[in-house]
Amino acid sequence: MKKGTILSGMRPTGKMHLGHLHGALLNWKHLQEQYRCFYFIADWHALTSEYAHPDIIRESRYDIIIDWISVGLDPEVSTFFIQSEIKEHAELYLIFSMFTPLPWLERNPTYKEQLTELSQKNVYTYGFLGYPVLQAADILMYKANGVPVGEDQAPHVELTREIARRFNHLYSDVFPVPEVLLTPTSKILGMDRRKMSKSYGNAIFLTDTDEEIDAKVSQMITDPQRARKTDPGDPDICNVFSFHEIYSRPESVDTIRNDCRAAGIGCVECKRLMAAGLKQGLEPIRAKRRELESDIGKVKDIMEEGNKKSRTIARNTMEEVRDAVKI
Ligand code: TRP
Ligand code: SF4
């Protein structure tokens, strides 16, 4: 018996990298054993920032689904769907927009932050301000009890809770108030030690080849205090070591920690060992991808099946909603 409903989504703005894997997907995979899970591609959300260059959105749809299945999200267990295929989300978004006070949206920290960060893309739009209202529609449509997200998305889920309460108070008790399930931030950073992100050009993708991984690992910044091989290093502040902790065998991790501190291993050798573990760890994911890529028809079927299932639920919710608002 499953404990409740979980929903989460991602904007389709490119292929998945290790930041996604360790910051979200492995957690999603873990949750699918205990909860009824819905995972979806938020293509309308992607349009809020990519409206001028939307090609990437459609191009990355199948890439993302393939990545999800390759890392072990199971379409037999979890439901995948594409947001724009379930038109009911747009209707619920519209209804929510009627009673969502503007100040709730204007004080949203993510909104304020993105406005400065993405200024070159011009996100000073109606749609971008309404981003969390659409997100509330995604979540509440499936009456989710929990939403696994990173810290940056927590304010959006808080807003969803407010919207659910306001709806229930104004009309009738239709929606559960969902919990934020905060995903611990992954220790894995990009090659330059900033947060891993495609736009920073510092990401290792799930699809990278052995050669690409070797090249990227060799560029990684290590303990910046360690100038020479004879200087002792500090593995606790070294990004390469964080990778070892995930991708190397526990006994090697201990050896590397000690050797690094005692200046008994050089960073070049240490990286070589790490890259070997990383390639080995990613190989099953890449193998699964190759299998799926050779049968795109099956991937499409999975998508359609998930859309259908989600649409049925969305239709039921919308009937309740229309009844409640007397429309
Ligand atoms: N805003 C989320 C992000 O950028 C994506 C998203 C859209 C989402 N709707 C959602 C996440 C609903 C969780 C639940 O990552
Ligand atoms: Fe990092 Fe390894 Fe170099 Fe130590 S030896 S600083 S853990 S790369």
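Okay, so let's go over this structure. What you are looking at is a predicted structure, and each value in this text was computed from that prediction instead of being measured. (Residues numbered from 1 in each chain as written. Chains lettered and ligands numbered in written order. Predicted model: local features only at pLDDT ≥ 70, side-chain atom pairs only at ≥ 80, totals over all residues. Heavy atoms only, no water.)

Some points on the environment of D67
Stage number 1. Considering the arrangement of structural elements, one finds D67 in helix α3 (residues 55-70).
Stage number 2. The spacing of D67 and H17 is 50 residues in sequence and 9.3 Å in space, taken between C-alpha atoms.
Stage number 3. Those residues in contact with D67, other than ones at most four positions away along the chain, are K15, M16, L206, T207 and R289. (Helix = DSSP H or I, 4+ residues; strand = E, 2+ residues; numbered from the N terminus. Contact = heavy atoms within 4.5 Å.)

Structural notes on the site of ligand 2
Stage number 1. Taken together, T222, D223, R226, C238, V240, F241, C260, I265, C267 and C270 are the residues near ligand 2.
Stage number 2. Of all elements in the fold, only α11 (239-247) and α13 (267-293) reach the threshold of two or more residues within the shell around ligand 2.
Stage number 3. A per-class count over the shell around ligand 2 returns 7 nonpolar, 1 polar and 2 charged. (Near = heavy atom within 4 Å. Nonpolar A, V, L, I, M, F, W, Y, C, P; charged D, E, K, R; others polar.)

Some thoughts on the environment of E106
Stage number 1. Here E106 is to be found in helix α5 (residues 102-106).
Stage number 2. For E106, a relative accessible area of 43% gives the class partly exposed.
Stage number 3. For the pair E106 and A215, spaced 109 residues apart in the sequence, the C-alpha separation amounts to 43 Å.
Stage number 4. The residues touching E106, leaving out its near neighbours within four places in the chain, are Y111, K112 and L129. (Buried < 20%, exposed > 50% of the residue type's maximum accessible area, 1.4 Å probe, protein only.)

Points about the side chain of S78
Stage number 1. Assignment of secondary structure puts S78 in the loop between α3 and β3 (79-82).
Stage number 2. At 2.7 Å, the side chain of S78 forms a polar contact with the side chain of Q32.
Stage number 3. Filtering out sequence-adjacent residues up to four positions away, S78 remains in contact with Q32, C37 and Y39. (Polar contact = N/O pair within 3.5 Å; in protein donor to acceptor, adjacent residues only side chain to side chain.)

Brief notes about a negative patch on the surface
Stage number 1. Together, E113, E117, E151 and D152 make up a negatively charged patch on the protein surface.
Stage number 2. Inspection of the secondary structure puts E151 in the loop between β4 (146-149) and α9 (154-170).
Stage number 3. Taking relative accessible area as the criterion, E151 reaches 58% and is therefore assigned exposed. (Patch = residues over 30% accessible without salt bridge, like charges linked within 9 Å, V, L, I, M, F, W, Y side chains within 5 Å. Areas by Shrake-Rupley, 256 points an atom, 1.4 Å probe, with all protein chains shown as cover. Salt bridge = Lys/Arg side-chain N within 4 Å of Asp/Glu carboxyl O. Lys, Arg positive; Asp, Glu negative; His and termini not counted. Charge placed at Lys NZ, Arg CZ, Asp CG, Glu CD.)

Structural notes on the nonpolar core
Stage number 1. Counting residues in each nonpolar core, the largest one holds 50 residues, and the members touching the most others are L18, L25, Y39, W68, F80, F243 and L278.
Stage number 2. Here this core gets 7 residues from one element, more than from any other, and that element is α13.
Stage number 3. In this view, L18 contacts G23, I188, M196, I204, L206, F243, Y247, L278 and L282; residues no more than four positions away in its chain are not counted.
Stage number 4. With 39 residues, the next largest nonpolar core counts A144, V157, F167 and A324 among its residues. (Core = buried A, V, L, I, M, F, W, Y, C linked by side-chain atoms within 4.5 Å.)

Remarks on α13
Stage number 1. An ideal rise of 1.5 Å per residue puts 39 Å on 27 residues; α13 measures up with 36 Å between its terminal C-alpha atoms.
Stage number 2. In α13, a bend of some 35° at E283 exceeds every other bend along the element, and P284, a proline, comes one to four places later.
Stage number 3. Taken residue by residue, α13 has C270, K271, M274, A275, G277, L278, K279, L282, I285, R286, R289 and L292 as its buried positions. (Expected span 1.5 Å × (residues − 1). Bend = angle between axes of the 7 residues up to and from the residue.)

Digging into the site of ligand 1
Stage number 1. Around ligand 1, 14 residues are found, and the nearest of them are R11, Y131, Q135, D138 and Q153.
Stage number 2. Here an oxygen atom of ligand 1 and a side-chain polar atom of R11 are 2.9 Å apart.
Stage number 3. In the model, a nitrogen atom of ligand 1 is placed 3.1 Å from a nitrogen or oxygen of the Q135 side chain.
Stage number 4. Per element, the largest residue contribution to the shell around ligand 1 is 4 residues, and it comes from helix α8 (residues 131-141).
Stage number 5. Within the shell around ligand 1, the residues separate by chemical class into 7 nonpolar, 5 polar and 2 charged.

Some remarks on the pattern of salt bridges
Stage number 1. Scanning the model with the defined rule gives 24 salt bridges in all.
Stage number 2. In this structure, K279 engages D214 in a salt bridge whose closest nitrogen and oxygen atoms are separated by 2.7 Å. You can see K279 sitting in helix α13 and its partner D214 sitting in helix α10 (residues 210-219), a full 65 residues away along the chain.
Stage number 3. By relative accessible area, which is 34% here, D214 ends up partly exposed.
Stage number 4. The closest approach of N and O atoms between D231 and R228, which form a salt bridge, is 3.9 Å.

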